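Structural characterization, general
Read off the chains here:
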Amino acid sequence: MKILHAVAAGILPPLCAACGRSCRPEAMVCTRCSRRLAAAAPLAGQGPPGIDRVWSSAPHDGVARDLVTALKFRRLLPVAGLMAERIHWLAPAGLLTGAIVPVPTAPLRTLTRGFDPAGELAAALAERLEMPLEPCLIRKGGGRQVGKRRAQRLARPPRIHTRGEVPRSVLLVDDVLTTGATLSACARALREAGAVRVAAITFARRL
Ligand SMILES: [Zn+2]
């Protein structure tokens, strides 16, 4: 955010959130990256177990991957707004119903990062679409998924619990879909607590 304040104050030239080259003052990404992202095809299909339908706005590659990194590791929070915009434009309208529930990040990760990327994206999407935001899931333990092998992730799904009232119709939101083990664990907890429809949207999907 400090960098963005400096940009707003005219101290720094605006830089593309994806490639780092200079770009138009009002843009988050440069024209080149914007075109590349526009050319990326969304991915849809059957969800992992427990998820009725899953949709991702782009493969986790190129500009989409750079934006995920910018949000997750460089804390460029306005990137969440850009991701929400793309999801709003491209996601099937039938999918954008119910209450938005962010996929919970491990508490330790949120603590060390100081913010939660999935939570930021979910909040940006809820605001944009005027949909209710219900952060009714919590994640227990460290459960660090980054850097683990696919087999390890599938073998040990994260421990997810609900808190408070759970909506009957849920749209789970996460920045990246990898194995789907986390989404399945979320769906299980939500359905046990009374959810009847659980769909999921992610900005990017690892193939
Ligand atoms: Zn760029």
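Residues numbered from 1 in each chain as written. Predicted model: local features only at pLDDT ≥ 70, side-chain atom pairs only at ≥ 80, totals over all residues. Heavy atoms only, no water.

Let's talk about the overall build of the protein
The secondary structure content of the protein amounts to eight helices and seven strands. For the protein, with 207 residues in total, the buried portion stands at 47%. Considering only residue pairs separated by 6 or more positions, the protein has 72% of its internal contacts joining residues 24 or more positions apart. Summed over all atoms, the accessible surface of the protein reaches about 10,500 Å², with 54% contributed by carbon and sulfur. (Helix = DSSP H or I, 4+ residues; strand = E, 2+ residues; numbered from the N terminus. Buried < 20%, exposed > 50% of the residue type's maximum accessible area, 1.4 Å probe, protein only. Contact = heavy atoms within 4.5 Å. Areas by Shrake-Rupley, 256 points an atom, 1.4 Å probe, with all protein chains shown as cover.)

Description of the sheet that holds strand β2 (residues 53–59)
Across a sheet, paired strands are connected by hydrogen bonds in the backbone, their directions being either parallel or antiparallel. In space, the five strands of this open sheet follow the order β1-β2-β7-β6-β3, with mixed pairing throughout. The sheet is open, and its two borders are formed by β1 (43–45) and β3 (99–102), each paired with just one other strand. For this sheet the average axis-to-axis angle between neighbouring strands, irrespective of direction, equals 20 degrees. Bridging between strand β6 (residues 169–177) and strand β7 (residues 197–205) involves eight bridges; their strand directions are parallel. (Pairing = 2+ DSSP bridges. Axes fitted to C-alpha atoms, helices over the stretch in contact; angles between N-to-C directions.)

With respect to the environment of S169
If you trace the backbone, S169 turns up in strand β6. Residue class for S169 comes out partly exposed when judged on its relative accessible area of 24%. S169 sits 21 residues away from L190 along the chain, and the two C-alpha atoms are 9.7 Å apart. Side chain to side chain, S169 and R197 meet in a polar contact 3.0 Å long. (Polar contact = N/O pair within 3.5 Å; in protein donor to acceptor, adjacent residues only side chain to side chain.)

Section: the coordination of the zinc ion
With distances of 2.3 Å, the protein atoms coordinating the zinc ion are C16 (SG), C19 (SG), C30 (SG) and C33 (SG). The exposure class assigned to C16 is buried, which follows from its relative accessible area of 1%. The class of C33 is buried, set by a relative accessible area of 4%. (Donors = N, O, S within 2.8 Å, 3.2 Å for Na, K, Ca; no water.)

What about the nonpolar core?
By size, the foremost hydrophobic cluster in this structure holds 44 residues, and its most contacted members are L67, V79, L171 and F203. The set of elements that each furnish at least two residues to this core consists of α2 (31–39), β2, α3 (62–72), α4 (78–90), α6 (117–129), β6 and β7. Counting 20 residues, the second-largest nonpolar core is a separate cluster that includes V166, A187, L190 and A200. (Core = buried A, V, L, I, M, F, W, Y, C linked by side-chain atoms within 4.5 Å.)

Let's talk about the side chain of D174
Along the polypeptide, D174 turns up in strand β6. One buried charged residue, D174, remains without a salt bridge, the closest side chain of opposite sign being K72 at 6.0 Å. Discounting residues that sit within four places of it in the chain, D174 has contacts with V103, A118, L121, I201, T202 and F203. (Lys, Arg positive; Asp, Glu negative; His and termini not counted. Salt bridge = Lys/Arg side-chain N within 4 Å of Asp/Glu carboxyl O.)

Section: the confidence of the model for the protein
Model confidence for the protein is summarised by a mean pLDDT of 88, while 85% of its residues fall at 70 or above. Mean pLDDT across the elements of the protein bottoms out in helix α1 (residues 2–8) (54) and peaks in β3 (98). (pLDDT = per-residue confidence, 0-100.)

Quick word on the environment of A187
Tracing the backbone shows A187 in helix α8 (residues 181–192). Under the relative-accessibility criterion, A187 is labelled buried at 0%. Here the alpha-carbon distance between A187 and V170, two residues 17 residues apart in the chain, equals 9.1 Å.

So, the packing of α2 against α3
At a minimum axis separation of 8 Å, α2 and α3 run at an interaxial angle of 110 degrees. Judged by the angle between their axes, α2 and α3 are roughly perpendicular. Residues C33, R36 and L37 of α2 touch α3, and the partners they reach there are V63, A64 and L67. Each residue belonging to the contact of α2 with α3 can be placed in one class, and the counts come to five nonpolar, no polar and one charged. (Parallel < 35°, antiparallel > 145°, perpendicular 65-115°, else oblique. Nonpolar A, V, L, I, M, F, W, Y, C, P; charged D, E, K, R; others polar.)

Some thoughts on the pattern of salt bridges
A full pass over the atoms with the stated rule returns four salt bridges. A salt bridge links R24 to E26, with the shortest nitrogen-to-oxygen separation between them at 2.8 Å. Under the relative-accessibility criterion, E26 is labelled exposed at 59%. R191 is the partner of D52 in a salt bridge, and the nearest nitrogen-oxygen pair spans 3.0 Å. Linking D52 in the loop between β1 and β2 with R191 in helix α8, this pair joins segments that are 139 residues apart in sequence. On the basis of relative accessible area, D52 is assigned to the partly exposed category, the value being 41%.

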